[in-house]
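Here is how the chains run, residue by residue.
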Amino acid sequence: MLVVLLLSNLIFTPSFFKVEVRDGHLYGSLIDIVRFGAPLIMVALGMTLVIATGGIDLSVGSVVAICGALACWRISEQGDQNSVTGVLVAVALALGLALLLGAWNGVLVAVVGIQPIIATLILMVAGRGLAQLITDGQIITVNSSPYKLIGGGYLLTVPFAILVALAVTALAVLLTRRTALGMLIESVGGNAEASRLAGIHSRRITMMAYIVAGLCAGIAGLMISSNVSSADGNNAGLWYELDAILAVVIGGTSLAGGRFSIAGTVVGALLIQTLTTTIYTTGIPPETTLLFKALVVTVVCLVQSPAFRAKVFQARRRPPSTPAGPAETATEKVRVPA
């Protein structure tokens, strides 16, 4: 489906696959898809670990808004917004708060025992209010070149956001597939009580997943706010939690927990971003964008469903039934239940 979406853009934009270097920077539609999809990749990576443990995190969109608002507010209060030290302090404060918010969700779920959808719904609602409290209900704008680098800058001709997403993805793959961490996460998601009886610290694994999800959402918040040099506590990261869940599901991670795919999540996030780009490229009316997006995602999920594929293909391959002969009919009449 990702390939189909990419190829369909050639109909409306013949130069869609063209990538060129301008002023020492890579430009092109494919580069833009990955660059604008980097924040969603970050959020989806954290969501993957949470869902793999059998949970869900509805607060990531609010965490995106909070961290972007805190970083921009801290930079706007500085006398010199281009101070590298000041920007690093603002980034550290934002990411530190993201870790605390993730730990808050983890405590509610793993320690207190609240259902994940309810525990994270609390921060989803309260967090959006906290973001607006930080911004005082206004859009905070900043003019900081060092901060602009995070979401809109370039390093070695490549957008810096892409490099960050690649680094975090590589680290996630390294930790979950080259160490025992991935197996521990899958075991907790498969059966947390059995894992605990087997000697695995299920609560620690669950706490870790929510903390990582908060950190990834915080990084995404920095990317989004720095790309536009402003923080909007009301709209930043709005509905990002739904896109992240879709990316995770499209990537093959089971919502029941116990099985996850980092590579699949990245492809799912790129698929959603490509779909958004395709909608704008084809000129689909904005009022039908969400409907078109929902239809495409529904088709993708149905195609990926083993149960749906089995029913469709079995119905096509089922041989026609033949009428029973006289001997078979007689045998059925005398057959007595055991």
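Conventions and cut-offs
Residues numbered from 1 in each chain as written. Predicted model: local features only at pLDDT ≥ 70, side-chain atom pairs only at ≥ 80, totals over all residues. Heavy atoms only, no water. Phe/Tyr/Trp six-rings, centres within 6.5 Å; stacked < 30°, edge-to-face > 60°. Helix = DSSP H or I, 4+ residues; strand = E, 2+ residues; numbered from the N terminus. Buried < 20%, exposed > 50% of the residue type's maximum accessible area, 1.4 Å probe, protein only. Lys NZ or Arg CZ within 6 Å of the ring centre and 35° of its normal. Core = buried A, V, L, I, M, F, W, Y, C linked by side-chain atoms within 4.5 Å. Contact = heavy atoms within 4.5 Å. Axes fitted to C-alpha atoms, helices over the stretch in contact; angles between N-to-C directions. Parallel < 35°, antiparallel > 145°, perpendicular 65-115°, else oblique. Left-handed = near helix turned anticlockwise from the far one by under 90°. Nonpolar A, V, L, I, M, F, W, Y, C, P; charged D, E, K, R; others polar. Expected span 1.5 Å × (residues − 1). Polar contact = N/O pair within 3.5 Å; in protein donor to acceptor, adjacent residues only side chain to side chain.

### Some details on the packing of aromatic side chains
And then number 1: All told, the structure shown has two aromatic pairs when counted by the stated rule.
And then number 2: For the pair F16 and F17, a centre-to-centre distance of 5.5 Å together with 85° between the ring planes defines the contact as edge-to-face.
And then number 3: Pairing Y27 with Y154 gives two aromatic rings, centres 6.0 Å apart and planes at 45°, and the pair type is tilted. Here Y154 lies in strand β4 (residues 154-155) and Y27 lies in strand β2 (residues 25-27), a separation of 127 residues in the sequence.
And then number 4: Y27 gets classed as partly exposed once you look at its relative accessible area, which sits at 27%.
And then number 5: Taking NZ or CZ as reference, R22 lies 4.9 Å from the ring centre of Y27, over its face.
And then number 6: Above the plane of the ring of F260 lies R177, whose end atom (NZ or CZ) is 4.2 Å from the centre.

### Notes on the nonpolar core
And then number 1: Formed by 78 residues in total, the largest nonpolar core has its most connected members in M42, V43, M47, V63, Y147, L222 and M223.
And then number 2: A total of twelve residues in this core trace back to one element, the largest contributor, which is helix α2 (residues 29-52).
And then number 3: With residues up to four places along the chain from it excluded, the contact list for L222 reads C67, A71, V91, A94, L95, Y147 and I150.

### Thoughts on the packing of helix α11 (residues 240-250) against helix α13 (residues 289-304)
And then number 1: In the contact formed by α11 and α13, the axes pass within 10 Å of each other and the chain directions differ by 25°. When the axes of α11 and α13 are compared, the pair comes out roughly parallel. As α11 runs across α13, the sense of the crossing is left-handed. Counting all contacts with α11, which are made through D243, L246, V249 and I250, the residues of α13 involved are K293, V297, V300, C301 and Q304.
And then number 2: Taken together, the residues of the contact of α11 with α13 sort by class into six nonpolar, one polar and two charged.

### Considering helix α3 (residues 60-76)
And then number 1: For α3, with 17 residues, the first-to-last C-alpha span of 24 Å sits near the 24 Å given by 1.5 Å per residue.
And then number 2: Most of α3 is tucked away, with 14 of its 17 residues classed as buried.

### Observations concerning the environment of P14
And then number 1: Mapped onto the elements, P14 comes out in the loop between α1 (2-12) and β1 (20-22).
And then number 2: A residue is classified by how much of its surface remains accessible, and P14, at 71% relative accessible area, is exposed.
And then number 3: C-alpha of P14 to C-alpha of Q273: the two residues are 259 residues apart in sequence and 19 Å apart in space.

### Examining the side chain of T265
And then number 1: Checked against the element boundaries, T265 lands in helix α12 (residues 262-282).
And then number 2: Within the structure, T265 has its side chain in polar contact with the side chain of T48 (distance 2.7 Å).
And then number 3: Here S261 takes part through its backbone oxygen, which lies 3.0 Å from a polar atom of the side chain of T265.
And then number 4: In contact with T265, other than residues within four places in its own chain, are A44, L45, T48, A247, V248, G251 and T253.

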